[in-house]
Amino acid sequence: MKSTSANAGAPASHADAWTFRTPRARLALWFGWLALVALFVYCWRVMNADTMWVFVADAPRQAADLGSRMWPPSLTYLPELLAPLWDTLNIATLGTVGGVIMAVPVAFLAARNTTPSRLWVRPVALWVIVTSRSINSLIWALLLVAVLGPGLLAGVVAIALRSIGFVGKLLYEAIEETDARQVEAISATGASAAQRLDYAIVPQVMPAFWAIALFRWDINIRESTILGLVGAGGIGLKLQASINVLAWPQVATILLVILATVLVSEWVSARVRQAIM
Amino acid sequence: MNEATPAYPTHWRRPARMLHDRRWRWLVQASVLAYLVLALGSFDVEWARVMEGLSRAQRFAHGFLQPDFTSRWSDIRQGLIESLTMTLTATVVGVAISVPIGIGAARNLVSAWIYRCCRAIIAVSRSLQEIIVAIFLVAMFGFGPLAGFATLSFASIGFIAKLLADDIEEADPRQVEAIRATGAGWWQVLHYAIQPQVMPRLIGLSLYRLDINFRESAVIGIVGAGGIGATLNTAIDRYEYGSAGAILLIVIAIVMVAEYGSSYLRRFLQ
């Protein structure tokens, strides 16, 4: 009780015991937690209004059942997965290349120090980045399969469109962080705007550019493994087909292949980024 | 004396920026070219189908420009409520589980075997795709937002626990030492030395994860885990591009609001 009488503004009357927080901070913290818990409980109730708890209670048995069906993975299915795996790698790689090609101009238009017009061009470029980022590649694929038909092309375009936002955002931040003195030094030699870009800005963002592109490639490998679920080609198609016919040992094999691919791509991109940086 | 001056080069050639050895450069260029030829060769595009699709693309663009919010509004509303509640509950539970795992995965606080266990949990959670987890959880829990909630909670663990653990490992050791010098136990070190240092970052990460979870909640509905993704999938399957456009615009708007809101909140809290 002593500490409540202590006033932060008056150093003359100090508390007998040291406390971690002022009483007001403690009260605010307590109400913050109360509000969070109340919100959580409310959301939980709304969310589970239609939940069938019978199914949920059954979940451990279902899991055990599924596990027993999946084990052992069917290794004879492995050779059939090589072609879809190659397709998946192509979707990720070509999608990354396409996305990067589109993202570079957007990034230069969005960066404060290279944009031709802060008032008109920059907001448009930022809007492109936000739109691309807020739609997941699976949704892009869903739309593009409807437009382009099922197949690799839809997957590549979906990955490319999703990559624009990611690469564009990180790249324009890197461009904005470049050293202005180097730009000034190059312009002092009488360089034109294009030369300034080529000799002062591009060399500075080059390492960041390669790191971002590789990082995105790594993410794209992950994402392209599941694009087949909506018909956009690759190993996801096999996954969807196997799930549809309840061939669980095949599903287990596919998951193992996906896991291995993801781990290998992560390792490769980390090693190459290390070598570049 | 004048004759002895070496001939200075009159032209400057820009040195190579990436690979300094010419042979390496050749090898890399040739292999990139070979890959592109091979990759593009394994591609067969049905141009007739693409042409046919272009009219659909036009209808789609039309749907975007004239979004139809009204005719499927009750479905959209239901999907949004599911998505938003799922996002919040999953983030809260995900953070609550991540904190102990994150502390356990910080090398400077725990013994080696706890560290390895927690890092293994993080690695498992990070390497499994949300969609794949969702497929299994839907099979276990049945269709609906509960499966989505479980998926997002699981995915949040890998993200938050890893970044929290890295942040704890980078915390200033001098503060830890100072608190330890007062005779504090493990819990007191955690409370008085570590927690004040990592709290702003943890709050920032949680808000960021809230944002990611909402975005993901729009996707996992495609495999039956509830949320706005299910509504979107249905709208596209029914060729109702007006409704699909409306849903996508709502998702983009909420993501933008969340992004600006969370960056504002983070700045306010730090």
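Thresholds, definitions, all that
- Within any chain, residue numbers begin from 1 and follow the written order of that chain's sequence.
- Working convention: letters from A go to chains and numbers from 1 go to ligands, in the order in which they are written.
- With pLDDT at 70 or above as the cut-off, local features in this predicted model cover only qualifying residues; side-chain atom pairs require 80 or more to be listed or tallied, and sums for whole chains, interfaces and linings still use all residues.
- Here the bounds of each domain stem from an automatic or database domain assignment.
- UniProt positions are given in the numbering used here, feature names are shortened, and annotations may be inferred rather than shown by experiment.
- By the criteria applied, helices consist of DSSP H or I runs no shorter than four residues and strands consist of E runs no shorter than two, each listed in order from the N terminus.
- Here, axes are lines fitted to C-alpha atoms. For helices the fit covers the stretch in contact, and angles between N-to-C directions go from 0 to 180 degrees.
- For this classification, under 35 degrees means roughly parallel, over 145 means roughly antiparallel, 65 to 115 means roughly perpendicular, and everything else is oblique.
- Here a crossing is taken to be left-handed if its near helix is turned anticlockwise relative to the far helix by less than a right angle, and right-handed if that turn runs clockwise.
- Contact between residues is assigned whenever the C-beta positions, reconstructed from backbone atoms, fall within 7 Å.
- Here the term charged refers only to Asp, Glu, Lys and Arg, the term nonpolar to Ala, Val, Leu, Ile, Met, Phe, Trp, Tyr, Cys and Pro, and the term polar to all other amino acids, Gly among them.
- Values of pLDDT, the confidence the predictor places in each residue, fall between 0 and 100.
- Linking buried Ala, Val, Leu, Ile, Met, Phe, Trp, Tyr and Cys residues through C-beta atoms within 7 Å yields a set, and such a set is a nonpolar core.
- Think of it as a crowd count around each C-beta: if 20 or more other C-beta atoms lie within 10 Å the residue is buried, if 12 or fewer it is exposed, and in between it is partly exposed, with C-beta placed from the backbone throughout.

Attention now moves to the domain arrangement of chain A. Domain assignment breaks chain A into domain 1 (19–48) and domain 2 (82–276). Distance from the C-alpha centre of domain 1 of chain A to the C-alpha centre of domain 2 of chain A: 39 Å.

Taken from the UniProt record, the annotation "domain: ABC transmembrane type-1" (unreviewed entry) applies to residues 85–269 of chain A. What you have in residues 85–269 of chain A is 81% helix and 0% strand, and the ends, taken at the C-alpha atoms, are 18 Å apart.

What follows concerns the UniProt feature "transmembrane region" (unreviewed entry) in chain A. Residue and element names in this part refer to chain A. Taking the numbering used here, the UniProt-annotated feature "transmembrane region" (unreviewed entry) corresponds to residues 27–47, 91–112 and 247–268. End-to-end, the C-alpha atoms of residues 27–47 are 30 Å apart, and along that stretch the chain is 100% helix and 0% strand. Secondary structure within residues 91–112 divides into 91% helix and 0% strand; the distance between the first and last C-alpha atoms comes to 33 Å.

Between two packed helices, what matters for the description is the angle formed by their axes and the separation of those axes. Residues and elements named next belong to chain B. At a minimum axis distance of 9 Å, the contact between helix H6 (residues 145–169) and helix H8 (residues 186–220) shows a crossing angle of 150 degrees. Taken together, the axis directions place H6 and H8 in an arrangement best described as roughly antiparallel. Seen along the crossing, H6 lies across H8 with a hand that is right-handed. For the pair H6 and H8, the contacting residues are Gly148, Thr151, Leu152, Ala155, Ser156, Phe159, Ile160, Leu163, Leu164, Asp167 and Ile168 in the first and Ile194, Val198, Arg201, Leu202, Leu205, Ser206, Arg209, Asn213, Glu216, Ser217 and Ile220 in the second. Tallied by class, residues from the contact of H6 with H8 come to twelve nonpolar, six polar and four charged.

Under the present numbering, the feature "domain: ABC transmembrane type-1" (unreviewed entry) in UniProt falls on residues 80–260 of chain B. Segment residues 80–260 of chain B splits into 84% helix and 0% strand. End C-alpha atoms: 20 Å apart.

This part is about the interface of chain B and chain A. As a measure of interface size, the accessible area lost when the parts come together is often cited. The interface of chain B with chain A comprises 45 residues on the first partner and 48 residues on the second. When contributions to the side of chain B that touches chain A are tallied by element, the ones reaching two or more residues are helix H2 (47–65), helix H3 (73–104), helix H5 (130–141), H6, H8, helix H9 (228–237) and helix H10 (241–269) of chain B. For the side of chain B that touches chain A, the element with the highest residue contribution is H3 of chain B, accounting for seven residues. When its residues are assigned to classes, the side of chain B that touches chain A shows 30 nonpolar, nine polar and six charged.

Before going further, it helps to examine the UniProt feature "transmembrane region" (unreviewed entry) in chain B. All names here are of chain B. In the numbering used here, UniProt assigns the feature "transmembrane region" (unreviewed entry) to residues 24–43, 88–110, 131–161 and 241–261. As a span, residues 24–43 carries 90% helix and 0% strand, and end to end its C-alpha atoms are 29 Å apart. Across residues 241–261, the secondary structure splits into 100% helix and 0% strand, with the terminal C-alpha atoms separated by 30 Å.

For the rest of this paragraph, the subject is the confidence of the model for chain A. Averaged over all residues, the pLDDT of chain A equals 85, while 94% of them reach at least 70. Every residue in residues 1–10 of chain A scores below 50 in pLDDT, and together they form 13 contacts with partners more than four places removed in sequence or on other chains.

We now examine the packing of helix H7 (residues 173–181) of chain B against H8 of chain B. Residues and elements named next belong to chain B. Between H7 and H8, the shortest axis-to-axis distance is 9 Å and the interhelical angle comes to 155 degrees. By the criterion of interaxial angle, the relationship of H7 to H8 is roughly antiparallel. Handedness of the crossing formed by H7 with H8: right-handed. Residue-level contacts link Gln175, Val176, Ile179 and Arg180 of H7 to Gln188, Val189, Tyr192, Ala193, Ile194 and Gln197 of H8. Here the residues of the contact of H7 with H8 are counted per class, giving six nonpolar, three polar and one charged.

Once that is clear, we can look at the nonpolar core. Residues and elements named next belong to chain A. Formed by 127 residues in total, the largest nonpolar core has its most connected members in Ala141 and Leu171. For this core, the element with the highest residue contribution is helix H8 (residues 152–176), accounting for 16 residues. The residues touching Ala141, leaving out its near neighbours within four places in the chain, are Ala154, Gly155, Ala158, Leu227, Val230 and Ala232.

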